[in-house]
Amino acid sequence: MIRFERNTELDIAMKNLIISMIDVNDYLTNILDYTERVLTPKMEKKLIEILKKYNVPHDGLKYDSKILIENQYYKDIKLDNVYYQSIRYEKATIKKRTLMNMNFHQSLGKYLFHYHPIGYFETDIDLPVLKEGSSKVWMSPAISEIESMRDGIEKGHGKCMTMGLGIGVLPYLWLLKDDVESVTIVEFNKDVIDLFEKYIRPQFKTDKKLKIIHGDAFDFYNEEFLNQFDYVYVDFWESTEDGLIFYTKLMEKKIDLPHIDYWIEDSMLYDLKYIVAPYLYTVYEGKSVMDFISSIDEDSKELAKKTNKYFKTRTDVIKTEDELLNIIHGKDVLRKILAQ
Ligand SMILES: C[S@@+](CC[C@H](N)C(=O)[O-])C[C@H]1O[C@@H](n2cnc3c(N)ncnc32)[C@H](O)[C@@H]1O
């Protein structure tokens, strides 16, 4: 079992970790009244006060619409309202000055405070959105989607593969890159593929090879298949909530290849960090780990059990704040916990 040396440095670090978790909650509650609402100048002023209070960057609230309008997918691919079996493309208009999340979580400081970059456009913006059923939003070329895939877009080279077609933003932006040779996609929903073939693929301005495999990502998540590609980007979840469940199932397969990235991985891992930190605090305080696990709500209990299972295998003694933070923020550690 992992152990701790009790000292002042760790006392303070533990306290700061817990305070940062409380601060995130307060911050989110405070900005809830503003998100997805049209900001009046008065509301904007109040919002800036809140951002300042929590040290969240506040000078970039106004986003230049060029960032979207000059995106090559947004420029080249036009989608009217199309309904097809279980799915549809709908045009959504974002009213000017509507406060939106412009990316997924970013960490702030060395503990567990994090925030979504937020902002608004000064003009109305139209976006095509891919929806399934009554409420599932699979994809739109919104800033948050593009920003959150930026690393994946940049890292794509040679033979690329992605799991989850959506409206083909990532595949298109990859294909436009000189160093990308071909793109393969694994997609589960035949309607998404049919709609893509009919309305989107004909608008792609590229002759490079684009192959779509109709299948379940889990059936293709094996070393033999994944090793056929130079770069793999896994993106078949809707948000951090369903994402963490799917991502955990992938981690349980214990495939550790350096050329795979996962959409919004860092954001999904925050939910786990929020279990790992109080778990380690419990161990540090010499309190009952079993009581801690029992106190976790049903949805996250499995994560708490995995956390316990992993730390029971460790025999090291943590002495410094750096060692503690390396555990909490270490992607390799967090992946190993989920793989339990
Ligand atoms: C967030 S979208 C992908 C967006 C895409 N990266 C883009 O650039 O447009 C997720 C896609 O994954 C698909 N999907 C969901 N579960 C899947 C599974 N188990 N295997 C393969 N595809 C799946 C959905 O039908 C949807 O098209």
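The rules we used
- Residue indices begin from 1 for each chain and proceed along its sequence in written order.
- pLDDT decides what is reported in this predicted model: residues at 70 or higher carry local features, side-chain atom pairs at 80 or more are listed and counted, and totals for whole chains, interfaces and linings draw on all residues regardless.
- Processing note: side-chain calculations cover all non-hydrogen atoms of the structure and skip hydrogens and water entirely.
- In short, DSSP must find at least two bridges between two strands for them to pair.
- Each helix is a run of DSSP H or I of at least 4 residues and each strand a run of E of at least 2, with the numbering of both proceeding from the N terminus.
- For helices, the fitted axis covers only the stretch in contact; all axes are lines through C-alpha atoms, and the angles between them, taken along N-to-C directions, range from 0 to 180 degrees.
- By definition in these notes, contact holds between two residues if any of their heavy atoms fall within 4.5 Å.
- Take the buried residues of types Ala, Val, Leu, Ile, Met, Phe, Trp, Tyr and Cys, join any two whose side-chain atoms come within 4.5 Å, and each joined set is a nonpolar core.
- The classification of residues rests on relative accessible area computed with a 1.4 Å probe and restricted to protein chains. Under 20% of the type maximum is buried, over 50% is exposed, and intermediate values are partly exposed.
- If even one non-hydrogen atom of a residue comes within 4 Å of a molecule or strand, that residue is called near it.
- A 3.5 Å cut-off defines polar contacts: any pair of N or O atoms within that distance qualifies, except that in protein one atom must be a possible hydrogen donor and the other a possible acceptor, and neighbouring residues in sequence count only when both atoms are side-chain atoms.
- Each accessible area is a Shrake-Rupley estimate made with a 1.4 Å probe; only the visible protein chains count as cover when residues are assessed.
- In this count, Pro and Cys sit with the nonpolar residues alongside Ala, Val, Leu, Ile, Met, Phe, Trp and Tyr, while Asp, Glu, Lys and Arg are called charged and the others, Gly among them, polar.

1. Structural notes on the sheet that holds strand β9 (residues 125-132)
- Spatial strand order, β3-β4-β9-β10: four strands in an open sheet with antiparallel pairing. Edge positions in the sheet fall to β3 (82-84) and β10 (136-139), since each of these pairs with one other strand and no more. Direction aside, the axes of adjacent strands within the sheet are offset by 40° on average.
- Relative to β10, β9 is paired through three bridges, and the arrangement is antiparallel. Across the sheet, residue K131 finds its bridge partner in β10, namely V137.
- Docked against the sheet, helix α7 (residues 190-200) engages β3, β4 (87-94) and β9, running at close to 65° with respect to β4.

2. Observations regarding the nonpolar core
- Counting 105 residues, the largest nonpolar core has W237, L280 and L324 as the members making the most contacts within it.
- Per element, the largest residue contribution to this core is 11 residues, and it comes from helix α11 (residues 265-284).
- If sequence neighbours within four positions are ignored, L280 has contacts with I2, F4, M14, F311, L324, I327 and I328.
- Within the second largest apolar cluster, 17 residues are counted, among which are Y27, L39, M43 and I118.

3. Observations regarding the site of the ligand
- Around the ligand there are 21 residues in total, and L170, E187, D216, A217 and D235 lie nearest to it.
- In this structure, A217 approaches the ligand through a main-chain N or O atom, which is 2.9 Å from a nitrogen atom.
- Compared with its free state, where it exposes 610 Å², the ligand has 96% of that area covered by protein.
- Mapped onto the shell around the ligand, the elements with two or more residues apiece are β10, α6 (169-175) and β12 (180-187).
- Tallied by class, residues from the shell around the ligand come to 13 nonpolar, five polar and three charged.

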